[in-house]
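Listed below are the residues making up each chain.
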Amino acid sequence: MKKTLMNDMTVGNPGSLILRFSIPMLIGNLFQQLYNIVDAIVVGRYNGKDALAAVGTSGPLNYLIFSLALGLSAGISIIISQYFGAKDEEQVKKGFATSAYVIIGASIIMGTLGFLLCRPLLELLNTPENIIGQSVIFMKISSIGVIGVGTYNGIASVLRALGDSVTPLIFLILASIINIILDFIFVASFGWGVAGVAIATTIAQLLAAIGCIIYALINVKILRMSIKEFVPDKHIFKKCISLGVPVALQNSFVSCSNMALWSVINSFGDTIMAAATAANRIEQLILQPGMSVGVAVASFTGQNIGAGNIQRVKKGFNASAKIMIAFSIIMLPVIYFGGGFIMRLFTSKADLEVMRIGVEALRVPCFFYSFVGMIFVSRNLISGAGDVKVPMFMGFTEVVCRVVFANLLSGQFGYKGIWWATGLTWTVTCAVGCARYYSGKWKDKSVIQTNGI
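A brief look at the structure comes next. Numbering of residues begins from 1 in every chain and follows the order in which that chain's sequence is written. Two thresholds apply to this predicted model, a pLDDT of at least 70 for residue-level local features and 80 or more for giving and counting side-chain atom pairs, whereas whole-chain, interface and lining totals are computed over all residues. Excluding hydrogens and water, the side-chain figures rest on all heavy atoms present in the structure.

## Observations regarding the overall build of the protein chain
A run of H or I in DSSP counts as a helix once it spans at least four residues, and a run of E counts as a strand once it spans at least two, with each numbered from the N terminus. Helix and strand counts for the protein chain come out as 16 helices and zero strands. Taking 2.2 N^0.38 as the reference for a compact globule, 453 residues should give roughly 22 Å; the C-alpha atoms of the protein chain span a radius of gyration of 21 Å, in line with that estimate. Each principal axis of the C-alpha atoms in the protein chain carries an extent, and together these give about 60 × 45 × 35 Å. Relative accessible area decides the class of each residue, using a 1.4 Å probe on protein chains only: under 20% of the type maximum gives buried, over 50% gives exposed, and in between gives partly exposed. Every one of the 453 residues in the protein chain was classed for burial, and the buried ones make up 58%. Residue contacts are defined here by distance: any two heavy atoms, one from each residue, within 4.5 Å place the two residues in contact. Long-range pairs, those at least 24 residues apart, make up 84% of the contacts in the protein chain between residues at least 6 apart in sequence. When we talk radius of gyration, it's over C-alpha atoms, and the globule rule is simply 2.2 Å times the number of residues to the 0.38.

## Regarding the packing of aromatic side chains
Where two aromatic rings form a pair, the distance of their centres and the angle of their planes describe that pair. Only centres within 6.5 Å qualify two rings of Phe, Tyr or Trp (six-membered ring in Trp) as a pair; their planes then separate them into stacked at under 30 degrees, edge-to-face at over 60, and tilted for everything else. Counted under the stated rule, the structure contains 17 aromatic pairs. Ring centres 5.1 Å apart and planes at 80° place the aromatic pair Tyr-336 and Phe-337 in the edge-to-face group. Residue classification places Tyr-336 among the partly exposed residues on the basis of a relative accessible area of 28%. Pairing Phe-368 with Trp-420 gives two aromatic rings, centres 6.1 Å apart and planes at 90°, and the pair type is edge-to-face. Taken together, the residues Phe-368 in the loop between helix 12 (352-363) and helix 13 (369-384) and Trp-420 in helix 15 (residues 416-439) connect sequence positions 52 residues apart. Residue classification places Trp-420 among the partly exposed positions, given a relative accessible area of 43%.

## Some thoughts on the packing of helix 10 (residues 288-306) against helix 13
For every element, the axis is a line fit to its C-alpha atoms; helices are fit only across the contacting stretch, and the angle between N-to-C directions ranges from 0 to 180 degrees. The interhelical angle for the contact between helix 10 and helix 13, taken along N-to-C directions, is 25°, at an axis separation of 8 Å. One element, helix 10, and the other, helix 13, form an angle in the roughly parallel class. Pair helix 10 / helix 13 crosses with right-handed handedness. Contacts between helix 10 and helix 13 pair Gly-290, Met-291, Val-293, Gly-294, Val-295, Val-297, Ala-298, Thr-301 and Gly-302 from the former with Phe-376, Val-377, Asn-380, Leu-381 and Gly-384 from the latter. Three residue categories are used. Nonpolar comprises Ala, Val, Leu, Ile, Met, Phe, Trp, Tyr, Cys and Pro, charged comprises Asp, Glu, Lys and Arg, and polar comprises the others, including Gly. Looking at the contact of helix 10 with helix 13, its residues break down into eight nonpolar, six polar and no charged. Angle categories: roughly parallel below 35 degrees, roughly antiparallel above 145, roughly perpendicular from 65 to 115, and oblique for all the rest. The crossing is said to be left-handed when, going from far helix to near helix, the turn is anticlockwise and less than a right angle, and right-handed when the turn is clockwise.

## Here we look at the nonpolar core
What is meant by a nonpolar core is a set of buried Ala, Val, Leu, Ile, Met, Phe, Trp, Tyr and Cys residues, joined one to another through side-chain atoms within 4.5 Å. Counting residues in hydrophobic clusters, the biggest one holds 79 residues, and the most contacted among them are Ile-265 and Trp-419. Beyond its immediate sequence surroundings of up to four residues, Trp-419 is in contact with Ile-272, Ala-276, Ile-357, Glu-360, Ala-361, Val-364 and Pro-365.

## Here we look at helix 10
For helix 10, spanning 19 residues, the distance from its first C-alpha to its last is 27 Å, which sits close to the expected 27 Å at 1.5 Å a residue. Most of helix 10 is tucked away, with 17 of its 19 residues classed as buried. Of the residues one or two after helix 10, Gly-308 is the one with positive phi, at around 75°. Working rule for helices: expected span equals 1.5 Å times residues minus one.

## Overview of the pattern of salt bridges
Here, a salt bridge means any side-chain nitrogen of Lys or Arg that lies within 4 Å of a carboxyl oxygen of Asp or Glu. The final tally for this structure, using the stated rule, is three salt bridges. Linking Glu-398 and Arg-379 is a salt bridge whose minimum nitrogen-to-oxygen distance equals 3.6 Å. In this pair, Glu-398 is assigned in helix 14 (residues 389-413) and Arg-379 in helix 13, connecting sequence segments 19 residues apart. Taking the shortest distance from any N to any O, the salt bridge between Asp-387 and Arg-436 comes out at 2.8 Å.

## Details of helix 6 (residues 166-189)
Taking 1.5 Å of rise per residue, the 24 residues of helix 6 would be expected to cover 34 Å, and the 34 Å separating its terminal C-alpha atoms lies within 8% of that figure. Listed as buried for helix 6 are Thr-167, Pro-168, Leu-169, Phe-171, Leu-172, Ala-175, Ser-176, Asn-179, Leu-182, Asp-183, Phe-186 and Val-187. If you follow the buried residues of helix 6, they end up packed against helix 1 (14-47), helix 5 (146-161) and helix 7 (193-219). Note on helix 6: the residue one or two positions beyond its end, Gly-191, has a positive phi of about 70°.

## Let's talk about the environment of Ile-155
Residue placement: Ile-155 occurs in helix 5. Put simply, Ile-155 and Ser-22 are 133 residues apart on the chain and 17 Å apart in space, counted from C-alpha to C-alpha. Not counting the four nearest positions on each side in its chain, Ile-155 is found in contact with Phe-96, Cys-212, Ile-213 and Ala-216.

## Focus on the state of the cysteines
We call a pair of cysteine sulfur atoms a disulfide whenever their separation is within 2.5 Å. Inspection of every chain in the model, using the stated rule, returns zero disulfides. The thiol of Cys-430 is unpaired, and the distance to the nearest cysteine sulfur, on Cys-434, comes to 4.0 Å. In this structure Cys-430 comes out as buried when scored by relative accessible area, which is 8%.

## What to know about the side chain of Thr-422
In this fold, Thr-422 is placed in helix 15. Note on Thr-422: relative accessible area 6%, which makes it buried.

## Some details on the packing of helix 2 (residues 49-85) against helix 4 (residues 129-144)
The relative placement of two packed helices comes down to the angle between their axes together with the axis-to-axis distance. Relative to each other, helix 2 and helix 4 sit at 40°, their axes nearing to 8 Å. When the axes of helix 2 and helix 4 are compared, the pair comes out oblique. Along this stretch, helix 2 crosses helix 4, giving a crossing that reads as right-handed. Each of Asp-50, Ala-51, Ala-53, Ala-54, Val-55, Thr-57, Ser-58, Leu-61, Asn-62, Ile-65 and Phe-66 in helix 2 lies in contact with helix 4, whose residues at this interface are Asn-130, Ile-131, Gln-134, Ser-135, Phe-138, Met-139, Ser-142 and Ser-143. Tallied by class, the residues present in the contact of helix 2 with helix 4 amount to ten nonpolar, eight polar and one charged.

## Some details on a nonpolar patch on the surface
The patches reported here contain residues having more than 30% relative accessible area and no salt bridge. Joining distances are 9 Å for like charges and 5 Å for nonpolar side chains (Val, Leu, Ile, Met, Phe, Trp, Tyr). Each accessible area value is a Shrake-Rupley result obtained with a 1.4 Å probe; residue values ignore everything except the protein chains displayed when judging cover. Judged by side-chain polarity, Ile-104, Ile-108, Ile-147, Leu-206, Ile-210, Ile-214 and Ile-218 come together as a nonpolar surface patch covering roughly 590 Å² of accessible area. Elements represented by at least two residues in the nonpolar patch include exactly helix 3 (89-124) and helix 7. With four residues, the single largest contributor to the nonpolar patch is helix 7. In this fold, Ile-108 is placed in helix 3.

So this is what it looks like as structure tokens:
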């Protein structure tokens, strides 16, 4: 890897750095969402709305299974970014070696649990009988693929902590292309249905993980070490767990909130489920800029906290907030008036009702995009500073709000209340994150300064 791919974010214009870092992340996330969307389009067009609904209702459960590995990846990123900002290369190496053991172990545990518990969890979500069989197949195969997802996100988190968002992008694009090709081969040609979609994603993620690891070990000088050096450091291991578990719980809470929402959606039948699945795929695509800026904010914050520059962190927050609010204003009319055109990609001409309801599901939340954007900014800044318990509380807030709002509003207004529940949940969660930022209590949570590892 060329030295320029590693990015010292403790110097330079904060807004420009965050944007430059975010753009490769955004492109990678868009490709990732692209193959998620293609998954939905392929099964929806070739296997009908039941298959589309099966993929959709499995989504929150898959995220729950992935959440531990993803959370631990975030904990690793916090540690490595702060040491990199403090110019401590030895600790960066120890953090990288330790992360391999943490991620692989977590992936094996969560994959096994997901494989064994998928049917009871789907039954808990009130998944209809005509869909649950396909959902179980999709989840079992996806659980096997957790090792690829966890490993890729682990190495990607390490590289991003070092300021390199380009290398993960390259391998994610390759994985996306492979996934799309395999979707059409396995589903359209072989007729494997939801199993084909899950197998395609599993293969693509595993190849991305292997390729990213090999490339990083060969080309990133700071990560090169002998086999003898590749041993876990017990202090960093403990810190990975103490930082990663709250983030994993935050991810789990978010997943649980989505599961609570899907439990309500499922009660309205397969037409609403199919419409919500398509709308959710589109919504996830729209949220990618916020997620990308959020990851950039986390790395930016971690490096500058490590360098002891609090004022620079604040400048990064202000720049990121402006970016997210501007994007939200632009996307509101695009989705409100263009939602019908986008929904046509997911449905056949015979499913006009699915398309109509899907448009409704897009139009209401689009008024709340600025709030969800600020969730990404505030939550990642706080996490990057090492203040990981508050993001966990934000995840818990999402669970409570989605359960209360979804049940209350759907009881009053039918399935239309579900779309409002999403927007109101974003609003309350945003308020929690911003309140913590403006309190300033995250400033003294540095991993290095307060924990002495």
